[in-house]
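A structural walkthrough
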Amino acid sequence: MAIESIIFFSVVGFVIVQRIVELFVARNNERWIRGQGGYEVGARHYPYMVGIHIGFFISLILEFVAFDRMLPPTWTVLFIIFVGLQLMRVWVITSLGRFWNTKILVLPGAHVVKRGPFRFLRHPNYVVVSLEILVIPLMFGAYFTALLFTILNLFILSIRIPMEEAALREVTNYTEVF
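Note that the structure is a prediction, hence the values are computed from the model and not measured.

Remarks on the overall build of the chain
Within the chain, the secondary structure is distributed over 6 helices and 2 strands. Going from N to C terminus, the chain has its helices and strands arranged as α-β-α-α-β-α-α-α. Scaling as 2.2 N^0.38, a compact globule of 178 residues should have a C-alpha radius of gyration of about 16 Å, and the chain matches this with 17 Å. Once the C-alpha set of the chain is aligned to its principal axes, its extents read approximately 55 × 30 × 25 Å. When burial is assessed residue by residue, the chain has 46% of its 178 residues classed as buried. Across the chain, the fraction of contacts at a sequence separation of at least 24, relative to all contacts at a separation of at least 6, is 86%. Roughly 9,600 Å² of accessible area belongs to the chain as shown, and the carbon and sulfur atoms make up 71% of that amount.

What follows is the structure, encoded as structure tokens:
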């Protein structure tokens with residue numbers, strides 16, 4: 001197996017395992033939020049978002065394998081950006097604590113988190129995910145996957161973010177904070 005393949009499957013395997021662990025964290029957080037009186041908003045679009053993310057990994061793997069992609073000259077820089085994004089992801093998740101989730105879950109009367117990266121950005125998790133969807137394929141020369149899934153992600157976020165913000169404005173102090 002070529003070094004490119006070892007690096008590719010190590011990075012992609014890491015991200016897939018990370019996502020699976022995050023689903024368990026999200027499920028535990030969902031139970032807690034619902035136990036406090038919280039509820040889900042935007043459940044209809046959630047399966048499409050999950051489909052986009054699963055499709056991303058399938059496309060990435062197929063493109064890398066089918067076209068025998070090589071590591072581009074910019075690989076090192078892109079990998080450093082990827083590592084920075086992983087650190088940002090951890091910062092986002094730890095800052096939100098029990099409120100972090102892959103679903104839009106709102107808790108009436110809760111105060112919006114304004115610590116960590118939320119001091120600087122409204123939606124740092126979406127920024128991280130959007131950049132990952134671009135950077136990971138670019139690290140491995142999977143340009144079709146980078147373009148297609150960046151567009152699909154932006155489309156789903158154009159539905160999700162307004163829905164999330166409306167729900168937060170309705171039942172939390174979101175308007176006061178932002």
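Structural notes on the side chain of T172
Within the secondary structure, T172 is located in the loop between helix 5 (143–171) and helix 6 (174–177). Of the residues examined, T172 reaches a relative accessible area of 16% and is grouped as buried. Within the structure, T172 has its side chain in polar contact with the backbone oxygen of L168 (distance 2.5 Å). Within polar-contact distance, the side chain of T172 engages the backbone nitrogen of Y174 at 3.2 Å. Not counting residues up to four positions away in its chain, the partners in contact with T172 are L107, A110 and V112.

Describing helix 4 (residues 124–139)
A turn of α-helix holds 3.6 residues, and therefore any two residues three or four places apart point the same way. For helix 4, built from 16 residues, the straight-helix expectation of 22 Å at 1.5 Å per residue is met to within 8% by its first-to-last C-alpha distance of 22 Å. Most pronounced at E132, the bend in helix 4 amounts to some 25 degrees. Among the residues of helix 4, P124, N125, Y126, V128, V129, E132, I133, V135, I136, P137 and M139 are the ones counted as buried. Against helix 1 (3–35), helix 2 (46–66), helix 3 (75–96) and helix 5 lie the buried residues of helix 4. Note on helix 4: the residue one or two positions beyond its end, G141, has a positive phi of about 70 degrees.

Observations regarding the nonpolar core
Grouped together as the largest cluster of nonpolar side chains are 27 residues, with contacts concentrated most on F56, L60, F82, I136, M139 and F140. Aside from chain neighbours lying at most four places away, what touches L60 is F8, V12, I136, P137, A142 and T145. I104, V106, V112 and L168 belong to the second-largest nonpolar core, a separate cluster that totals 8 residues.

A few points about the side chain of E30
Along the chain, E30 turns up in helix 1. In this structure, E30 is in contact with N101, K103 and L105, ignoring residues within four places of it in sequence.

A closer look at the pattern of salt bridges
Counting across every chain of the model gives 8 salt bridges. Linking R89 and E22 is a salt bridge whose minimum nitrogen-to-oxygen distance equals 3.1 Å. Separated by 67 residues along the polypeptide, R89 in helix 3 and E22 in helix 1 bring together distant segments of the chain. Comparing R89 with E22, the two get one shared label, buried. One salt bridge connects E30 with R34, and the closest N-O pair in it is separated by 2.9 Å. Of the two residues, E30 and R34 both sit in helix 1, 4 residues apart, roughly one turn of that helix. Residues joined in a network through salt bridges with shared partners are R19, E22, R89 and E132.

What counts as what
Residues numbered from 1 in each chain as written. Predicted model: local features only at pLDDT ≥ 70, side-chain atom pairs only at ≥ 80, totals over all residues. Heavy atoms only, no water. Helix = DSSP H or I, 4+ residues; strand = E, 2+ residues; numbered from the N terminus. Rg over C-alpha atoms; globule rule 2.2 N^0.38 Å. Buried < 20%, exposed > 50% of the residue type's maximum accessible area, 1.4 Å probe, protein only. Contact = heavy atoms within 4.5 Å. Areas by Shrake-Rupley, 256 points an atom, 1.4 Å probe, with all protein chains shown as cover. Polar contact = N/O pair within 3.5 Å; in protein donor to acceptor, adjacent residues only side chain to side chain. Expected span 1.5 Å × (residues − 1). Bend = angle between axes of the 7 residues up to and from the residue. Core = buried A, V, L, I, M, F, W, Y, C linked by side-chain atoms within 4.5 Å. Salt bridge = Lys/Arg side-chain N within 4 Å of Asp/Glu carboxyl O.

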